[in-house]
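# Descriptive structure summary
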Amino acid sequence: MGHTKLGGNKEMRIGRKATLLLSLLVAASMTLAACGPKQGAGTGAEKPQDKPATSTKKPAVGGEVNLALDKEPDSFNPILYSTAFGAEIIQHVYDGLFTFNDKWEPQPHIAESWKVSDDKLTFTIKIKEGVKFSDGAELTAEDVVFTLATLKDKDYTGPRASSMRDVESVEATGKYEVTLKLKKPFAPIFTNINYGILQKKLFESTSIKDMDKNPVSMNPIGTGPYTLKEYVRGQYVILERNPNWFASEKYGGAPFIQTIRYKVIPDSQTQLAAMQNGEIDWLNPEPTDVAMLEKDFAGKVDFVAQNVKTNDFGDQVFKPYVIRSINGVPTAIIGQAFPYTPIANP
C-alpha cells in the first residue's frame, strides 16, 4: 500500500490489517458527521476486528476517499498475490473465516463457530449461512474446501503452500461444515487458513497451475465490504461499497464510505504533491516532510501525535500519517505516529 510499509514481511492474511488507515477514517468521519455539513460523512471502510459499533447514531453512507499505491498490484487473488499492493485491494474485497481481537484471539466471521477434538487433530468449522459473493452466489463449505485444498495441491506453486503443510486433509462434511484433519497439533491453524475464500465454480474449470490466468484473479468476486468497480493498470483501482455485505448489520451498517479510489503513484514526492493539491486524502510522508506539512496545514488541521515514550501501544510499530479530508470536508489529521499490527505471514 502506498501509505503503508509492512516491514520485513509484506504478506497479509485477510482479517489481519497492516494499517489502521480506515479505522482512523472511522474516527475522523464520525467526528465530521457530528459537526460538519451534510456531506454523507461516515465511519470508514475497514472491517472492525474485535467488537461491533456501539453508537446509537448511525452515520450516513457516502463520499469518496482517494489513496495512493506505491506500486501496481500484482494480483487480486487472495491465494496468489505476493505484494502488499495486491493485499491492500484484496483485504476489502474478500473475507476470511475469522477476524482477530486485540489479543489475536480468533473471532467468528465467515466461520460461525468451530471445535477442536480432544487430541487436537480434528478441526471442525461451521460456516455461517447466507454469506453471499458479490455476484449473488452463496458461499458454502465447498468454496472453503476448494480454497484450502488448492493450497495443498502439488500444482500450486504460490507463496502460501507452506500454510497447509501440517494439514492432512480438508473436506466438506456438510453444506456448511468443513473438517480439517491435522498431522499433529498445530496452534497457528487459525491464521494459516485465514485467506479470502474463492468461489469454487468460478475457478474449477481452470487448472491450478493456470489459476493466475483466470479472469477472476484480476476481476475479483468476493464476499467483502467492497467490490471492484474499475481497474486501469498503471493508473487506478476503484472499489465500491458492497450493499449486501453479510457483516454490515453486525457493525452498525458499515462500511459507510461509498467509494475508495487508489491511484498508482510510485514516487514519494509525487505523492506529496498529490496530497498538497487535494488529489489524495491520505499520506504516509517521509519523516523529513512532516514539519513542512504541519506548517502547510497550520490552522486547517487537527494535529495528532503519540508520545512513544509512554509506550501506550505496547510493542506495536509507529508510522507517520496524514489524512487530508473525508467526503470533501477540508479537514485533515497529521501525526507522526500510529500503531499497526506487524504481519508475520499473509
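As a reminder, the structure under discussion sits directly above these lines.
Now for a look at the structure at hand. In every chain, residue numbers begin from 1 and rise along the written sequence. Since the coordinates come from a predicted model, pLDDT governs what is reported: local features require at least 70, and pairs of side-chain atoms require 80 or more to be given and counted, while whole-chain, interface and lining totals use all residues. Excluding hydrogens and water, the side-chain values take into account all heavy atoms of the structure.

## Here's the deal with the overall build of the protein chain
Worth spelling out the cut-off: A run of H or I in DSSP counts as a helix once it spans at least four residues, and a run of E counts as a strand once it spans at least two, with each numbered from the N terminus. Remark: exposure states derive from per-residue accessible area (1.4 Å probe, protein chains only) relative to the maximum for the residue type, with buried under 20%, exposed over 50%, and partly exposed in between. Contacts: residue pairs with any heavy atoms within 4.5 Å of one another. Using a 1.4 Å probe, accessible areas were evaluated by the Shrake-Rupley method; residue-level cover was limited to the displayed protein chains.
Per the secondary structure count, the protein chain includes seven helices and 16 strands. Expressed as a percentage of the 346 residues in the protein chain, the buried residues total 51%. Across the protein chain, the fraction of contacts at a sequence separation of at least 24, relative to all contacts at a separation of at least 6, is 63%. When the accessible surface of the protein chain is summed, it comes to about 15200 Å², and 50% of that surface belongs to carbon and sulfur atoms.

## Considering the sheet that holds strand β4 (residues 111-116)
What counts is decided by this rule: At least two bridges found by DSSP between two strands is the condition for calling them paired. A fitted line through C-alpha atoms serves as each axis, taken over the contacting stretch for helices, and the angle formed by two N-to-C directions is quoted from 0 to 180°.
Spatially, the four strands line up as an open sheet ordered β4-β5-β7-β6, and their pairing is antiparallel. Across the chains shown, the open sheet's two edge strands, defined by having one partner strand only, are β4 and β6 (167-174). Pairwise comparison of adjacent strand axes, ignoring direction, gives a mean angle of 20° for this sheet. Where strand β5 (residues 122-127) meets strand β7 (residues 177-182), five bridges bridge the pair, whose relative direction is antiparallel. Residue pairing across strands places Lys 126 opposite Glu 177, the latter belonging to β7. Taken strand by strand, helix α3 (residues 141-152) contacts β5, β6 and β7, and its axis lies near 165° from that of β6.

## Observations concerning helix α2 (residues 84-93)
Among the 10 residues in α2, 10 count as buried, and that is most of the element. Buried residues of α2: Ala 84, Phe 85, Gly 86, Ala 87, Glu 88, Ile 89, Ile 90, Gln 91, His 92 and Val 93, and no others.

## Topic: the nonpolar core
The line we're drawing: Among the buried residues, those of types Ala, Val, Leu, Ile, Met, Phe, Trp, Tyr and Cys that are joined through side-chain atoms within 4.5 Å form a nonpolar core.
Ranked by internal contacts, the top residues of the largest apolar core, which has 63 residues, are Leu 97, Leu 180 and Ile 193. In terms of residue count, α3 provides more of this core than any other element does, six residues in total.

## Looking at the sheet that holds strand β1 (residues 62-69)
Pairing is mixed across the open sheet formed by four strands, whose spatial order is β1-β10-β9-β8. Whereas interior strands pair on both sides, the edge strands pair on one side only; in this sheet they are β1 and β8 (226-232). Between one strand axis and the next, the sheet turns through 20° on average, direction left out of account. Sheet topology note: the β1/strand β10 (residues 257-264) ladder contains seven bridges and is parallel. The residue bridging Asn 66 from the neighbouring strand is Arg 261, located in β10. Running at roughly 15° to strand β9 (residues 236-241), α2 makes contact with β1, β8, β9 and β10 of the sheet.

## Structural notes on the environment of Gly 252
Its place among the elements puts Gly 252 in the loop between β9 and β10. Residues Gly 252 and Pro 59, 193 residues apart in the sequence, show an inter-C-alpha distance of 8.8 Å.

## Digging into the packing of aromatic side chains
Basically, it comes down to this: Aromatic contacts are taken between Phe, Tyr and Trp rings whose centres are within 6.5 Å, Trp giving its six-membered ring; a plane angle under 30 degrees counts as stacked, one over 60 as edge-to-face, and the others as tilted. We call a charge positioned over a ring when the NZ of a Lys or the CZ of an Arg lies within 6 Å of the ring centre and within 35 degrees of the ring normal.
Applying the stated rule across the entire model yields eight aromatic pairs. Between Phe 123 and Phe 190, the aromatic rings sit 5.1 Å apart at their centres with planes inclined by 80°, giving edge-to-face as the arrangement. Of the two residues, Phe 123 is situated in strand β5 and Phe 190 in helix α4 (residues 189-192); the sequence distance between them amounts to 67 residues. An angle of 20° between the planes, with centres 6.2 Å apart, marks the rings of Trp 245 and Tyr 251 as stacked. Residues Trp 245 and Tyr 251 agree in their burial class; the two are buried. Every member of this aromatic cluster is reached through a ring pair, and the members are Phe 98, Trp 114, Phe 123 and Phe 190. Lying across the ring of Tyr 81, Arg 160 places its NZ or CZ 3.9 Å from the centre. Of note, Arg 261 hangs over the ring of Tyr 236, and the distance from its end group to the ring centre comes to 5.8 Å.

## Considering unusual backbone geometry
The step from Ala 254 to Pro 255 runs through a cis peptide bond, and the omega angle for that step is 0°. Relative to the helices and strands, Pro 255 is located in the loop between β9 and β10. Here the phi dihedral of Trp 104 falls at roughly 60°; this positive angle occurs in a residue that is not glycine. With respect to the secondary-structure elements, Trp 104 resides in the loop between β2 (98-100) and β3 (106-108).

## Side note on the pairing of β4
Looking along a regular strand, one sees side chains alternate from face to face of the sheet. Strand direction decides the pairing type here: β4 and β5, joined by five bridges, are antiparallel. What sits directly across from Ala 111, in β5, is Ile 127. The antiparallel pairing of β4 with β5 creates a hairpin that spans five residues between the two strands, and Lys 120 there sits at a positive phi of about 65°.

## Comments concerning helix α6 (residues 268-276)
Short version of the rule: Arc, as used here, means the arc of the directions from the helix axis to the C-beta atoms. Pairs of N or O atoms are called polar contacts if they sit within 3.5 Å, as long as, within protein, a hydrogen donor faces a hydrogen acceptor (for residues adjacent in sequence, only side-chain-to-side-chain pairs).
Where α6 is concerned, the buried positions are Gln 271, Leu 272, Ala 274 and Met 275. An end-on view of α6 places all buried positions within 160° of arc, on one side of the element. Its side-chain oxygen 3.1 Å from the backbone nitrogen of Gln 269, Asp 267 forms the N-cap of α6. Once α6 finishes, Gly 278 follows within two positions and takes phi at roughly 85°, a positive value.

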